[in-house]
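Here is how the chains run, residue by residue.
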Amino acid sequence: MKFLIMAGGKGTRLWPVSRADNPKQFQKLVSDKTMLQETADRLLPEFSIKDIFVATNNIYAEEVKKELPDLPVENIIAEPSFRERASAIALSCALLAGEEDETVVILPSDHLIKDKEAFWSALGEAETFISKNIDALVTIGIKPTSPQTGYGYLSHNEEKLAEGKFGLYEVDSFFEKPGSGAVQKYLDSGFLWNSGIYVCCISSIMKRFEKFIPDTYERIKKIQSAIGTSELAGVIECEYPLMDMISFEYGILENDDKVFVIAADFGWSDVGSWSVLKDSLMVGDGKNLIKGEHLDIGSENIMVYGSKKLIATVGLKDLIIVDTDDAILVCNKNDTQLVKDLVHKMEEEGKIKPL
Amino acid sequence: MHSVILCGGSGTRLWPLSRKNFPKQFLKLYSDKSLLQETFLRMCRVMKAGDVYFVTNQENYFNVFNQIREVYPEMDRRQIIIEPASLNTAPAILLAVKYLSTCIKIGEQDPLIFLPADHYIGKPEKFAETVRSALENVGDNIGTLGITPTAPVTGFGYIEKGVSKGAYTVADSFKEKPDRETAERYFASGKYVWNGGIYLFNAETFLGELKKYAPKLFAHYRKPYEEFLEDFDQLDPEPIDTVISEKSERVVIFESDFDWSDIGSFDVLLEIVKKNNLIDTKHLFMDSNNVFAHSESGKMIATLGIDDAIIVESNDVVFVQKRGRSEDVKKIVNYLKENKCKEVDHNIIVYRPWGKYEVLIDNPESHKVKKITVFPGASLSLQSHERRSEHWVVVRGTAKVVNNGGSPMILHENESTYIPAKALHRLSNPGKENLEIIEVQTGSYLEEDDITRYEDDYGRQDGV
């Protein structure tokens, strides 16, 4: 089994800590290791570092080398520009030529998983199923623990197709991030969170590109034909930015009728917003979550994420305060999904530099 | 006529911005000028800049000097009166009258106006008109400027109006900060004005009232000037209000409405900013209402989906309070005081007669990095350090450096030099713009008291 860690995102949702020039996957958000290091370490020692590939933007390649010194340099797949994740997967599969019969686990580099043994079990169940159903694509679903509006959801057939720690089902449909009205309905209907972790045979991913995003498939072929020649870098440079700007979920998964899900549960979170980070890190029934030096008079349910300065608060409620070297964010804890829009607006107004 | 701006205060109500070593009057809160600069420029509408004097303490002398020179380059150092001890307004005013009479030789009937350095006035032209009329009409009374109340505010002192006599009204009584109910009664009656803490009188009247109501201060005043200064610290720290204003029968009110506030809290500041529609273009407030944000170090402050909050950043503290909770700032400050935290008294930026410095990195065991700003024409002392060496990189402007007793050399931007331990050295700015250097100190002992001074333009022997 191979692993393809997707580490090319710009991660604006955790601004101001996560920046285009130092995005979330390279930040020490949940421990003294970066999210990328956490992701790689989670696979070891059960799997070999030689089987881990990291797809990232060119500009982050050095950072990846620094953070994962044992990773073979040729296992870093450098993207020449920012595209959707489907393009990064396409490029990676193109470059894994010769490994077509291998099963690959595609996983984000910036998620939190608390129980790694359970995570391994889920991967094992997926691999077993794929060995018997070579065309299948298995996504790891997560049993929801709270009404998250920031996650994608999926529904599945009742019939259990494979036994195991969690069980495997056929996926019915995918649902985009719900509004706060719809989310309860999703939970009541037994929908699962879509973690964005996919397991599939490489040749079968290629077939999906051929069927659903043929233009991208043509470009994968062009890149593959240049492998082993001096042209390769130039061809990637030329073809990659032209791949369809379409997400993997929208372009492939939602049209695919051979998608299966493992209904897993291993303490997963996408750490995709400040409020999710707060919920993930909160232990027990503490009132406030604090990082750094903090002094408070009468605040409730606040998160303070400081760096070097003393942060003093008075009479606040349901707020998230983040201090970094050059910016401060004060955000309502229910609005943290909108930080992305805030960053976009700051870029538009020239208050911060876009990448 | 002369005016005296009292700028020796050291309040903590605007913590974390105001510190003991950089109090409120020096802050640039709602414009590109500090409250002290605004106060000075307001008085310049009424009289010559050279007739405006300042009372401050030793610690803040250079803050006053540097800030006033920014807006009035011809300032004479004799315009600043240094208190031998920081007491209260009564001793400070006594000192100013003594100084003006003895050293500047003003006339006994020359009208003087005394005013705080840290208040906000929204209608400076109207204020100037009021002051002009008051100086003209005060005669041998103790005049005070009373502000027509615009709301039943509990945070200000009030003065009760008596008989009207043309240009002024007799003051019947002074009232402490009232409770809500009393404030509403005062406001509804129309018989009260806010006490702005601004006083006018001539030396003769002042001394006459002192003799009557404060014989101890009067006796002190009569001492020869040297002795007056020497014994100054024995005076009681009393405000002028209790010593004279509340007792004298000569107090008269010049009432006006010039949009006044003492900026006693961030809540008040938020109101001022809102009322004047002073939109902060640096920061970004998305889906947010009634938010005041201020960053001393020029950070970007972004808010999302929040209401009624005050966010203030200084170089070592981020402070976020719910609007209306200003009273609790005191609790934070007290806690920090009890625990002897540096965040109360000192700011990371330290102001000096020649400029300022900011500590960027402080690792007491091995190194310290500072950004040093030297004003045009200014020099640090000729000095040496026993146990640390220094590397200087010029990042802006031009530096003149004397190193190890050699002849002076000129360093431009992007040039550097090395000062070994024990070497005699001196840094000055021969240019017309600020000089900025980054200093990297290394050594086993990096405290400011490792310094031997050989020459100093500012007469300092110890300290930095």
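All residue numbers refer to positions counted from 1 along the written sequence of the respective chain. Going through the entries in the order they are written, you letter the chains from A and number the ligands from 1. Totals for whole chains, interfaces and linings use every residue, but because this is a predicted model, local features are given only for residues with pLDDT of at least 70 and side-chain atom pairs only at 80 or more, for both listing and counting.

Draft legend 1. Representation of the pairing of strand 26 (residues 435–443) of chain B. Residue and element names in this part refer to chain B. Criterion used throughout: strands pair if DSSP finds at least two bridges between them. By definition, any uninterrupted DSSP run of H or I lasting at least four residues is a helix, any uninterrupted run of E lasting at least two residues is a strand, and each is numbered from the N terminus. Note: strand 19 (residues 367–374) against strand 26, eight bridges, orientation antiparallel. Each residue of the ladder has a partner; that of V369, found in strand 26, is V440. Pairing between strand 21 (residues 388–396) and strand 26: eight bridges, direction antiparallel. The residue bridging H391 from the neighbouring strand is V440, located in strand 26.

Draft legend 2. Focus on the packing of helix 7 (residues 214–226) of chain A against helix 8 (residues 232–239) of chain A. All names here are of chain A. Running from N to C, helix 7 and helix 8 point in directions that differ by 170°, and their axes come no closer than 8 Å. Accordingly, the angle class assigned to the pair helix 7 and helix 8 is roughly antiparallel. Residues R219, K222, I223 and A226 of helix 7 touch helix 8, and the partners they reach there are L232, V235, I236 and E239. Between N-to-C directions, angles span 0 to 180 degrees; the directions come from axes that are lines fitted to C-alpha atoms, helices contributing only their stretch in contact. For this classification, under 35 degrees means roughly parallel, over 145 means roughly antiparallel, 65 to 115 means roughly perpendicular, and everything else is oblique. This entry defines residue contacts through backbone-placed C-beta atoms, with two residues in contact when those atoms are within 7 Å.

Draft legend 3. Structural context of helix 4 (residues 124–137) of chain B. Residues and elements named next belong to chain B. In a regular helix each residue adds 1.5 Å, so 14 residues correspond to 20 Å; helix 4 covers 20 Å between its end C-alpha atoms and thus fits that length. Of all the positions in helix 4, only F127, T130, V131, A134 and L135 are classed as buried. For helix 4, the arc enclosing every buried residue in end-on projection is 130°, short of the 170-degree limit, so these residues lie on one face. Every exposed residue of helix 4 that faces more than 90 degrees away from the buried side is listed here: E125 and E136. The secondary structure elements touched by the buried residues of helix 4 are helix 1 (35–44), strand 4 (112–116), strand 5 (120–121), strand 6 (142–147), strand 9 (192–201) and strand 10 (251–256). One less than the number of residues in a helix, times 1.5 Å, gives the span that helix is expected to have. Around each residue's C-beta, the other C-beta atoms within 10 Å are counted; 20 or more make the residue buried, 12 or fewer make it exposed, and counts in between make it partly exposed. All C-beta atoms are placed from the backbone. What the arc describes is the spread of directions from the helix axis to the C-beta atoms.

Draft legend 4. Seen up close, the domain arrangement of chain A. All names here are of chain A. The assigned domain composition of chain A is domain 1 (2–272) and domain 2 (275–348). Measuring from the centre of the C-alpha atoms in domain 1 to the corresponding centre in domain 2 gives 29 Å. Taken together, the contacts link 14 residues of domain 1 with twelve residues of domain 2. What marks off one domain from the next here is an automatic or database domain assignment.

Draft legend 5. Structural context of the sheet that holds strand 13 (residues 294–297) of chain A. One open sheet holds the five strands; their spatial order is 13(A)-15(A)-16(B)-15(B)-13(B), and the pairing between them is mixed. In the strand order of this sheet, the two ends are held by strand 13 of chain A together with strand 13 (289–295) of chain B, each with one partner. Averaged over all pairs of adjacent strands, the angle between their axes in this sheet comes to 10°, without regard to strand direction. In this sheet, strand 15 (residues 310–314) of chain A lies alongside strand 13 of chain A in parallel orientation, the contact comprising four bridges. Across the sheet, the residue bridging to A:H294 is A:I311, located in strand 15 of chain A. Contacting strand 13 and strand 15 of chain A, helix 11 (residues 329–338) of chain B crosses the sheet at an angle of about 140° to strand 13 of chain A.

Draft legend 6. Geometry of the sheet that holds strand 17 (residues 327–332) of chain A. Strand order in the open sheet formed by six strands is 12(A)-14(A)-16(A)-17(A)-14(B)-12(B), with mixed pairing between adjacent strands. Bordering the open sheet on either side are strand 12 (289–291) of chain A together with strand 12 (284–286) of chain B, each of which pairs with just one other strand. When the angles between neighbouring strand axes are averaged without regard to direction, this sheet yields 10°. Pairing of strand 16 (residues 319–323) of chain A with strand 17 of chain A involves five bridges; the strand directions are antiparallel. Counterpart to A:I321 in the pairing with strand 17 of chain A is A:V330. The sheet strands contacting helix 10 (residues 274–281) of chain A are strand 12, strand 14 (303–305), strand 16 and strand 17 of chain A, and the helix crosses strand 16 of chain A at an angle near 95°. In the packing of helix 11 (residues 339–348) of chain A onto the sheet, the strands contacted are strand 17 of chain A together with strand 12 and strand 14 (300–304) of chain B, and the crossing angle to strand 12 of chain B comes to about 140°.

Draft legend 7. Quick look at the interface of chain B and chain A. Every contact between the two is made by 27 residues of chain B and, on the other side, 29 residues of chain A. In terms of residue count, strand 16 (residues 317–322) of chain B provides more of the side of chain B that touches chain A than any other element does, six residues in total. The classification used treats Ala, Val, Leu, Ile, Met, Phe, Trp, Tyr, Cys and Pro as nonpolar, Asp, Glu, Lys and Arg as charged, and all other residues, Gly among them, as polar. Of the residues assigned to the side of chain B that touches chain A, the class counts are 16 nonpolar, three polar and eight charged. Bridge count for strand 15 of chain A against strand 16 of chain B is five bridges, and the pairing is parallel. Bridging across to strand 16 of chain B, A:L310 finds its partner in B:V317.

Draft legend 8. Region of interest: helix 7 of chain A. All names here are of chain A. Compared with an ideal rise of 1.5 Å per residue, which puts 13 residues at 18 Å, helix 7 spans 19 Å between its outermost C-alpha atoms and is within 8% of the ideal. Residues of helix 7 that are buried: T216, R219, I220 and I223. All buried residues of helix 7 project into a common sector of 105° when viewed along the axis, lining one side. Of the surrounding secondary structure, the elements contacted by the buried residues of helix 7 are helix 3 (85–95), helix 6 (202–212) and helix 8. Where helix 7 ends, the next residue or the one after it, G228, has phi of about 90°, a positive value.

Draft legend 9. Quick peek at the domain arrangement of chain B. All names here are of chain B. What the domain assignment lists for chain B is domain 1 (2–261), domain 2 (266–342) and domain 3 (349–455). For domain 1 versus domain 2, the separation of C-alpha centres amounts to 28 Å. Each partner contributes residues to the interface: domain 1 has eleven residues there, and domain 2 has 14 residues. Considering only residue class, the side of domain 1 that touches domain 2 consists of seven nonpolar, three polar and one charged.

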